[in-house]
Structures are given as C-alpha cells and as structure tokens.
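Structural characterization, general
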Amino acid sequence: MGHHIGKIICRFLIFAIWFWGSQHVVSQKTEFEPKPNVPDKFVLSDPPIGLFDPIEISPAVVPRNPYPVEPLSPMYPSFPSTYEPVLTGRCPVNFSSLSDIFDKTASDCSAPLAALVGNVICCPQVNSLMHIFQGVYSSESDMLVLQQATANYCFSDLINILASRGANSTIPTLCPVKSSNLTGGSCPVKDLVTFEKIVNTSKLLDSCSTVDPLKECCRPICQPAIVEAAFQISLRGASMLDSSRIPGSTAGITVVNDCKGVVYTWLSRKLSSEAANTAYRILSSCKVNKVCPLEFEEPSSVIKACHGMAPSSLSCCSALNTYVASIQKQMLITNRQAINCATLFGSMLEKGGVTANIYELCKVDLKDFSLQSYGQQGCLLRSLPADIIFDNVTGFSFTCDLSDNIAAPWPSSSSLSSLSLCAPEMSLPALPIPQASVSSGSYNIARTIISAVYVISSILL
C-alpha cells in the first residue's frame, strides 16, 4: 500500500510540473546529479497528529525518472538559478530588511510552479509582500503611499529581486498587481497624521494583530475592522454631491478598495513583517476559498448524455469523465475551492436538465476537480495558508491535504449542507482513526478540510 501511494504521488508531481513547464516555462537544460543523502524511493512519513497537520510531498525526493521514455522535467529536482538583480537605484528602501519575505515570496512563486499555485499561494503572498514593502517604505516618513514615479521604480525593483531569487518573471501578468497599488489610488487620505485622526487605530490594531485562521473566515474580526477604517477615510472631504463617495456605487467601492491599501500600509508599520504576513495570508485565504477559480466551458455533451432522472451510467459517466478530465489540467485548488467548483458545475448541469446525482453515479470525488497524476490521484491544497518550500537537498516541495475519496457534493443533495466549517459550534465531523495494526508505510489518512458558507459584505470581495 505504501509503495502504491508513493508511486501515485510521484506520478502526480511529475505530470503537474511537466504540464506547466511544457506550456509556459522556458527553462535551461540541466544535468541532474543524484545526491548520496537523498533516498532512492519515495517515503511517506508517519501519519500526522492533529486535525490540520499536512502531508508534505516533494517532487525532488525521487532521484530517478520512473518514466524513461519521457524527457526529464525542467524541475526534476528543481534548484532555482539565482543572480544579482539590476535595480533602478531610485527606490529609497533598504531591501535587505525585507530579505526573508523576498525569499518566501520567490519560493511561493517559483518559476515552474507559479501558475499552478498562483490563485492559492503565489498571488496572495505577492499581495502580502506589496503591503509589507509599503509599510517599510512609509516608516521613514509620514506618508502612507508612494508617488507614482517612485512607485514605478520600486515596483520594478520588487519584481527584479523576486526573479533574481527564482520567482516567475511573469508575476505582474499572473497576479493582479501593478505599481499603482503602491500609490493609494483614489483614496483621499494618504498621510499618517490624518489617518490616525480619523480612524480608531487601537480598535484596528487589536482586531488585526492576531488573526485566527479558523474563525476569521466564518466570523471575521480583522476584515470588518479594515473595511470600517477604509470606509471612514474614504469619506474625508466628501460632499453630498460627490457621487464617487456614495457607498455601494462602483466609484464608491473603488475608493474604499484603494483606501484598504492605505489601511494595510498602516498595519504594516505597526506589525512585524512575520506577523503582518501571517495575518494577510489568512485574510487572502478567506477570499480565495469563497469561489471556484476554474473555468468551465458549456457542458453540452454531459447534459445530453446525462439528461433526465435515470441516465445511462455508461454513456453519462463517459461524457462526465471526459469533461472533468479537461478541467483537471488547469491548476491546483484547495479543498474548499473543490467544493465550490463541484457545486458550481453541478448547478450548471441541473440548469441544463440533469436531475440525477451523477457525481454519485459516476463516483466523482473532490480531488477530481484538481490537477491529476495521469488520472489516478488528485492533489487538493490546504485551505489554510500554505507555502512552497525550498531546500538544497529536495528542491521544491508543497503540501497536499489528501481527501480519501470524499464524494463531490451534488447541489441539491443533503451532502452539501453537511459540508460546512462555519457551523454554530465551529466543529468538524469526526475523522476516521487509522488502525494501530496497519503495517508500516500503509496509512489511510482521511482529510476533511471542508467548505464554508460566507455571508460577508460585497465590499470585501
């Protein structure tokens, strides 16, 4: 059993990195030299203790190519090429004080993996870096934002430093970040003195200095505090005739969102880089886990084959499996996102006239909505904030929360209502306990990181 699990996960990692590298990454060809201290087979550690302890897997643990007929992946194992960046010299920040956060971000956005984990890991970490950088910059003055010209230089330096440490150079395209994010945009308050006169800073700091990774997404404390502060400063100097400040209007929401960036800068001045990064990543995870990041084409073939109350299992499942296989090539997603994706796709099918629970009919699991290893095993990333880890022995590694055949919930079924992390008692269903008599290396670890139903103001989206 342990041998098969290792083989399956090994195949998944080879496929995932080969798939992305073959389409978007131009890599240097390197010769791999096995290291004597790297084991010659994939090893799973003992089962973790605790509800959210991860299973860590590394694409670099296997020192040989199990598929000799296929070329080696550019990252097999992958060790990032680093170099001294060429900076503009016009960004007045001591970048060495941000070295640790640069390393973390470069690792999370490593060139071969960035697009596969962009939605869940890379872009949230880049956004956090931007906020922390702005806090460091503003700590030398009373301004909470950068002038546009300076922002252009600093943004260029940020991207160049990340690329020099192994990050994907297409981050500005992959993630919704640009130099204007550092300027405060249309927010009317951009200096420290005015900000602290308007905002209840004690309340803001108390709400966001420590963010609970489980409770914040269901019963938010920091998020509404940030929105409240942003809303307060967005109204400074507003007149009754100023439509751009009307709450709920498109212009009003834009101003509040720009002011949220100013609030993040103020928080970054007060919190350590580590504390700020932890808080911002948790807030990002609340946001990205609300929706399904996958793109679904019109499932006409599935609707045709599965229409009605009692579809033919052979033709229906064949059409469904073919369609699902096409979306499995997009990216790695989290457990919560998988539930959102299963629900969204199921709703599309129901609207087309599919009334039977074809997920149950065709044995569709949550992991089937994420990137696969040759169609055998999917990887669902953690719903809680996670990072890509790099070390000089194993290369890059990341964490999968492997859900053991957790059935995908059909929208109109009772299984959907049971999958909620935001129940009043904030509890999870009991997890299966591995039998003590299981032989070494053979563990049936069930992961039940499950979705939440969010009721948060649209201003937080």
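Residues numbered from 1 in each chain as written. Predicted model: local features only at pLDDT ≥ 70, side-chain atom pairs only at ≥ 80, totals over all residues. Heavy atoms only, no water.

An unreviewed UniProt entry annotates the protein chain as (wild Malaysian banana) hypothetical protein of Musa acuminata subsp. malaccensis.

Before going further, it helps to spend a moment on the overall build of the protein chain. Secondary structure summary: the protein chain contains 15 helices and five strands in total. Counting only residues that meet the buried cut, the protein chain has 51% of its 461 residues in that class. Within the protein chain, contacts between residues separated by at least 24 positions form 81% of all contacts whose residues are at least 6 apart in sequence. (Helix = DSSP H or I, 4+ residues; strand = E, 2+ residues; numbered from the N terminus. Buried < 20%, exposed > 50% of the residue type's maximum accessible area, 1.4 Å probe, protein only. Contact = heavy atoms within 4.5 Å.)

This brings us to the state of the cysteines. As enumerated under the stated definition, the model contains 10 disulfides in all. The disulfide that involves Cys123 links it to Cys175, with 2.1 Å between the sulfurs. Taking the sign of the torsion about the S-S bond as the criterion, the disulfide between Cys123 and Cys175, at about -85°, is left-handed. Remark: Cys175 occurs in the loop between helix 5 (171-174) and helix 6 (192-198) and Cys123 occurs in helix 3 (residues 114-138); sequence separation between them is 52 residues. The class for Cys123 is buried, based on a relative accessible area of 8%. Cys175 sits in the buried class, given a relative accessible area of 2%. Between the sulfur atoms of Cys306 and its disulfide partner Cys316 the distance amounts to 2.0 Å. Here the S-S torsion is close to 105°, and the disulfide linking Cys306 with Cys316 is therefore right-handed. Placement of the pair is Cys306 in helix 11 (residues 300-306) and Cys316 in helix 12 (residues 313-327), with a sequence separation of 10 residues. Summarising the burial analysis for this pair, Cys306 and Cys316 share the class buried. (Disulfide = S-S within 2.5 Å.)

Before going further, it helps to spend a moment on the pattern of salt bridges. Following the criterion strictly, the structure yields six salt bridges and no others. The partner of Asp387 in a salt bridge is Arg281, with the nearest N and O atoms 2.9 Å apart. Linking Asp387 in the loop between strand 3 (380-381) and strand 4 (389-391) with Arg281 in helix 10 (residues 273-288), this pair joins segments that are 106 residues apart in sequence. The buried category is assigned to Arg281, whose relative accessible area is 5%. Residues participating in the shared-partner salt-bridge network are Lys104, Asp108, Arg281 and Asp387. (Salt bridge = Lys/Arg side-chain N within 4 Å of Asp/Glu carboxyl O.)

Of all residues in the protein chain, 68% attain a pLDDT of 70 or more, and the chain-wide mean is 77. Here residues 425-461 is modelled with pLDDT under 50, and outside its nearest four sequence neighbours on either side it reaches 88 contacts, counting other chains as well. (pLDDT = per-residue confidence, 0-100.)

Among the residues making up helix 2 (residues 99-108), those that are buried are Ile101, Phe102, Thr105, Ala106, Ser107 and Asp108. Tucked inside the fold, the buried residues of helix 2 contact helix 3, helix 4 (148-164), helix 10, strand 4 and strand 5 (395-400).

Tracing the backbone through its elements, the reader meets Ser326 in helix 12. On the basis of relative accessible area, Ser326 is assigned to the partly exposed category, the value being 39%.

Moving on, we come to the environment of Ala407. By secondary structure assignment, the location of Ala407 is in the loop between strand 5 and helix 15 (414-418). Ala407 has contacts with Val364, Asp365 and Leu366, leaving out every residue within four places of it along the chain.

Before going further, it helps to spend a moment on unusual backbone geometry. Backbone geometry at Lys363 places phi at a positive 60°, although glycine is not the residue there. Tracing the backbone shows Lys363 in the loop between helix 14 (358-361) and strand 3. In this structure Lys363 comes out as exposed when scored by relative accessible area, which is 64%.

Moving on, we get to the nonpolar core. Counting residues in each nonpolar core, the largest one holds 60 residues, and the members touching the most others are Phe133, Ile171, Phe195, Leu204, Ile226, Ile233 and Val263. Taken together, the elements giving at least two residues each to this core come down to helix 2, helix 3, helix 4, helix 6, helix 7 (201-208), helix 8 (222-234), helix 9 (250-270) and helix 10. Looking at this core element by element, the count peaks at nine residues for helix 3. When neighbours within four sequence positions are excluded, Val263 is seen to be in contact with Phe195, Leu204, Ile226, Ala229, Ala230 and Ile233. In this structure, Phe296, Val302, Ile327 and Leu366 belong to the second largest nonpolar core, which totals 31 residues. (Core = buried A, V, L, I, M, F, W, Y, C linked by side-chain atoms within 4.5 Å.)

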